[in-house]
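# Secondary and tertiary structure notes
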Amino acid sequence: MGSTPGSADAVYLDGGVKTAAKILVVGHFAVGKTTFIGTMSEIPPLRTEERMTQAGAQVDDLMGVRGKTTTTVAMDFGRITLSEKLVLYLFGTPGQERFVQVWEDMTKGALGALILVDPERLKESFAVIDLVEQYGLPYAISVNHFDDTAIRSDDELREALDLLPETPIVTCDARDQKSSADALIALVRYLQTRTARSMT
Amino acid sequence: MNEPDEPIVESPELVRPYVITNGRGLPEDGQFNLITLVTASDQPRPAHLDPEKHRVLDLCAGGMLSVAEIAGHMKLPIGIVKVVLSDLSSEGYLVVRPPVPRAQLADVSLLQEVLDGLHARFG
Ligand SMILES: Nc1nc2c(ncn2[C@@H]2O[C@H](COP(=O)(O)OP(=O)(O)OP(=O)(O)O)[C@@H](O)[C@H]2O)c(=O)[nH]1
Ligand SMILES: [Mg+2]
């Protein structure tokens, strides 16, 4: 690999920033994670890749490629400076249960998660929702409507995804900044109500 | 380490990162999180610093970035970057802003600041 210094395209934070927070943007394959992060980020989204090796052979079913024992897990992320003192990072990755390391890193210290869901492919969201719950992160559901998909009622979604009555469900177009911001706002409001409740 | 079912983290090139970290394993849970903010300190660098450390310091000299951004720009795995950063930090070359402590994560005022910031930026 070349040794180009990274500083050429780095966009630095304002010197006064004291606090960094993070929110996860997760969901199954091709649901719009990268699009969402790109829409919201003030910097060109970045990506890191961790290469995972499976000592056993069970990686086959994961990759759908026989004999393949390593795979790369990518994490996309972006940044939003929220005030002179506060910056918010958005991290996105697909829900692949086996990539424990990546999930531990991502979930540790996160405020919560926005789970992107395609209403036509609800089953594919089960694994990601399980994983977020397993790590104890509070979450909101963002329904990304792809063209011509059927509109499902919140009740239908809540039932299909086995959500708590309090879990927020918002619709969102990840290509649209206002719509994506509203989804984040709904999540943060929900986090606030949970916090307020736990203090009384 | 090599439990049959446990994925092992590896770096993109098999040998180089091992050299970068002087053969040490990756730290379990150190000072650095993905969103720990880091910048270079004023401490002058010696001429003999490792090339990777030089590159990281060059990047950090421009201002403050998160650990994740450093990894993204350097095209190195997070684990490797954490090792390099903790070395540089213990040698005094970095100023480090740790992430919000766990107890404050669900802090009402932090969440309010996030909400206010989102409203201010996106209406
Ligand atoms: N209609 C519609 N299309 C979307 C939306 N979000 C993303 N897309 C499109 O869906 C495709 C996949 O989006 P990505 O952002 O790459 O999805 P991803 O979740 O990052 O995909 P992987 O990283 O491969 O899992 C792209 O062509 C997007 O333009 C949305 O909210 N509505
Ligand atoms: Mg993607």
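Residues numbered from 1 in each chain as written. Chains lettered and ligands numbered in written order. Predicted model: local features only at pLDDT ≥ 70, side-chain atom pairs only at ≥ 80, totals over all residues. Heavy atoms only, no water.

As named in an unreviewed UniProt entry, chain B is DUF742 domain-containing protein, taken from Actinacidiphila yanglinensis.

The name that an unreviewed UniProt entry assigns to chain A is ATP/GTP-binding protein, with the source organism given as Actinacidiphila yanglinensis. Database annotation for chain A, UniProt heading Sequence similarities (unreviewed entry): "Belongs to the GPN-loop GTPase family." (UniProt positions renumbered as here; feature names shortened; annotations may be inferred.)

Before going further, it helps to spend a moment on unusual backbone geometry. Across residues other than glycine, the phi torsion is negative in most instances, and most of the peptide bonds are trans. With a phi angle near 60°, Ala30 of chain A is a residue other than glycine that sits in the positive phi range. Checked against the element boundaries, Ala30 of chain A lands in the loop between strand S1 (19–27) and helix H1 (33–40). Judged by relative accessible area, which is 45%, Ala30 of chain A ranks as partly exposed. Phi at Lys75 of chain B is positive, roughly 55°, even though this residue is not glycine. Relative to the elements of secondary structure, Lys75 of chain B occurs in the loop between helix H3 (67–74) and helix H4 (78–90). (Helix = DSSP H or I, 4+ residues; strand = E, 2+ residues; numbered from the N terminus. Buried < 20%, exposed > 50% of the residue type's maximum accessible area, 1.4 Å probe, protein only.)

Val102, Trp103, Asp105, Met106 and Thr107 of chain A are the residues of helix H3 (residues 100–107) of chain A that are buried. Directly beyond the C-terminal end of H3 of chain A, a positive phi value near 80° is found at Gly109 of chain A.

It is worth spelling out the environment of Gln192 of chain A at this point. Here Gln192 of chain A lies in helix H6 (residues 177–199). On the basis of relative accessible area, Gln192 of chain A is assigned to the buried category, the value being 16%. Beyond its immediate chain neighbours, meaning those up to four positions away, Gln192 of chain A contacts Val108, Leu111, Gln112 and Leu115 of chain B. A polar atom in the side chain of Gln192 of chain A sits 2.5 Å from the side chain of Gln112 of chain B. (Contact = heavy atoms within 4.5 Å. Polar contact = N/O pair within 3.5 Å; in protein donor to acceptor, adjacent residues only side chain to side chain.)

Attention now moves to helix H2 (residues 51–61) of chain B. For H2 of chain B, the complete set of buried residues consists of Glu52, Lys53, Arg55, Val56, Leu57, Leu59 and Cys60 of chain B. Note on H2 of chain B: the residue one or two positions beyond its end, Gly63 of chain B, has a positive phi of about 150°.

Residue and element names in this part refer to chain A. Tallying each qualifying case throughout the model produces three aromatic pairs over all chains. Relative to Phe91, the ring of Tyr89 has its centre 6.4 Å away and its plane inclined at 35°; by these criteria the two rings are tilted. Assigned by exposure class, Tyr89 and Phe91 land together as buried. By the ring-pair criterion, three or more aromatic residues cluster together here, those being Phe77, Tyr89 and Phe91. Residue placement shows Lys22 over the ring face of Phe91; its charged tip is 5.7 Å from the ring centre. (Phe/Tyr/Trp six-rings, centres within 6.5 Å; stacked < 30°, edge-to-face > 60°. Lys NZ or Arg CZ within 6 Å of the ring centre and 35° of its normal.)

Residues and elements named next belong to chain A. Near ligand 1 lie 16 residues; those nearest to it are Ala30, Lys33, Thr34, Thr35 and Ala174. In the environment of ligand 1, an oxygen atom lies 2.7 Å from a nitrogen or oxygen atom belonging to the side chain of Lys33. One nitrogen or oxygen atom from the side chain of Thr34 is found 2.7 Å from an oxygen atom belonging to ligand 1. In terms of residue count, H1 provides more of the shell around ligand 1 than any other element does, three residues in total. (Near = heavy atom within 4 Å.)

Moving on, we get to the nonpolar core. Formed by 61 residues in total, the largest nonpolar core has its most connected members in Phe91, Met106, Ile115, Val132 and Ile141 of chain A together with Ile70 and Leu85 of chain B. Look past the residues within four positions of Met106 of chain A in its chain and what remains in contact with it is Lys22, Leu24, Val26, Met75, Phe91 and Thr93 of chain A together with Leu34 of chain B. (Core = buried A, V, L, I, M, F, W, Y, C linked by side-chain atoms within 4.5 Å.)

On to the confidence of the model for chain B, then. All names here are of chain B. For chain B, the average pLDDT comes to 79, and 72% of its residues sit at 70 or higher. Per-element averaging of pLDDT across chain B places helix H1 (residues 16–20) at the bottom with 44 and strand S3 (residues 65–66) at the top with 97. For residues 1–23, every residue scores under 50 in pLDDT, and the model assigns this stretch 39 contacts once sequence neighbours within four places are set aside. Across the assembled chains, the prediction reports ipTM 0.86 with pTM 0.86. (pLDDT = per-residue confidence, 0-100.)

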